[in-house]
Amino acid sequence: MIKIVQGDITTLAVDAIVNAANQVMLGGGGVDGAIHWAAGDELYEACLKVPEVRPGVRCPTGEARITPGFKLPAKFVIHTVGPVYRDGQHGEPEKLAACYRNSLALAVENSCTSIAFPCISTGIYGYPKEEAAQIAVREVKAFLGEGRDPAQPEMEVIFCCFSGRDANVYRSLIA
Ligand code: AR6
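Only a predicted model underlies this, so the values are computations on that prediction, with no experimental measurement involved. Each chain has its residues counted from 1, running along the sequence as written. Whole-chain, interface and lining totals are the exception, using all residues; otherwise, since this is a predicted model, local features are given only for residues with pLDDT of at least 70 and side-chain atom pairs are given and counted only at 80 or more. With hydrogens and water stripped out, all remaining heavy atoms of the structure feed into the side-chain values.

Peer 1: So what exactly am I meant to see when it comes to the environment of Pro73 here?
Peer 2: The helix count covers DSSP runs of H or I at least four residues long, the strand count covers runs of E at least two residues long, and both are numbered beginning at the N terminus. Here Pro73 lies in the loop between strand 3 (64-68) and strand 4 (76-80). Between the C-alpha atom of Pro73 and that of Ile9, which follows or precedes it by 64 residues, the distance is 10.0 Å. Throughout, a residue-residue contact means that at least one pair of heavy atoms, one from each residue, lies within 4.5 Å. In this view, Pro73 contacts Thr10, Thr11, Leu12, Ala13 and Val14; residues no more than four positions away in its chain are not counted.

See the structure below:
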């Protein structure tokens with residue numbers, strides 16, 4: 001099931017919220033800053049413990065890592081790193097799609113039945129909103145349509161949009 005919610009992702013009582021992080025995974029601005037602030041210092045400590053795959057990189061672009069949610073109402077934070085948008089010709093669509101797929105896969109692995117995504121890459125990283133939303137909706141629909149164990153409950157996927165304008169973009173794609 002897909003839902004669109006307008007508001008602050010840090011307030012959502014879901015199994016997992018997704019963080020639009022950077023490769024270092026130690027916090028930043030935008031939704032990343034809001035999540036770290038709301039989760040408390042333990043989130044920073046948990047991120048520090050995520051092994052680096054190379055110096056300064058805990059999570060390469062397009063991949064995802066999971067930590068507890070600590071003071072958040074969400075059980076888990078799934079940290080994913082969206083692409084920095086240049087012109088759309090440098091693998092950005094594939095990397096953004098991978099963020100959604102890898103985050104959903106981690107949610108399934110951790111027995112989550114609800115997950116909320118922010119509009120990954122569309123803030124500081126500059127991805128055009130409509131194009132990013134099209135990719136997000138396409139990947140989530142593909143995931144929900146995949147055959148899975150019928151004993152497993154369906155995943156509730158929330159697109160958490162900070163602005164009304166973003167929410168309208170998603171509404172027009174899902175209607
Ligand atoms: N709840 C939901 N969405 C939010 C919130 C919130 N509390 N705050 C912002 N957004 P951005 P990016 C929306 O810039 O483009 C960080 O410094 C925002 O309106 O947070 O992937 C990281 O450390 C926008 O639609 O993420 C990275 O360095 C969306 O979240 C870099 O920014 C994403 O905007 C990642 O840039």
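Alright, that's what it looks like, and here's the rest.
Peer 1: How do you make sense of the packing of helix 1 (residues 30-39) against helix 2 (residues 41-48) when you look at a structure like this?
Peer 2: Each pair of packed helices can be described by the angle between their axes along with the distance between the axes. Contact geometry for helix 1 and helix 2: axes closest at 5 Å, N-to-C directions at 115 degrees. In this view, helix 1 runs roughly perpendicular relative to helix 2, as classed from their interaxial angle. Together, Ile35, His36 and Ala39 of helix 1 and Asp41, Leu43, Tyr44 and Cys47 of helix 2 make up the contact between the two elements. Here the residues of the contact of helix 1 with helix 2 sort into five nonpolar, one polar and one charged. Angles run from 0 to 180 degrees between N-to-C directions of axes, and those axes are lines fitted to C-alpha atoms, restricted for helices to the stretch in contact. Any angle that is under 35 degrees is reported as roughly parallel, and any over 145 degrees as roughly antiparallel; angles of 65 to 115 degrees are reported as roughly perpendicular and all others as oblique. Basically, the charged four are Asp, Glu, Lys and Arg, the nonpolar ten are Ala, Val, Leu, Ile, Met, Phe, Trp, Tyr, Cys and Pro, and anything else, Gly included, counts as polar.

Peer 1: Quick question: what am I supposed to make of the site of the ligand here?
Peer 2: We call a residue near a given molecule or strand whenever any one of its heavy atoms falls within 4 Å of it. Taken together, 22 residues lie near the ligand, and Asn22, Gly29, Val31, Asp32 and Ile124 sit nearest. Ile124 has a polar backbone atom sitting 2.8 Å from an oxygen atom of the ligand. To measure how exposed things are, a 1.4 Å probe is used in the Shrake-Rupley method; for residues, cover is taken only from the protein chains shown. Considered on its own, the ligand offers 700 Å² of accessible surface; in the complex 90% of this is hidden by protein. Per-element accounting of the shell around the ligand gives the leading share, four residues, to helix 1. By residue class, the composition of the shell around the ligand is nine nonpolar, nine polar and four charged. Nitrogen and oxygen atoms within 3.5 Å of one another constitute a polar contact, given that in protein one can donate a hydrogen and the other can accept it, and given that sequence-neighbouring residues count only through two side-chain atoms.

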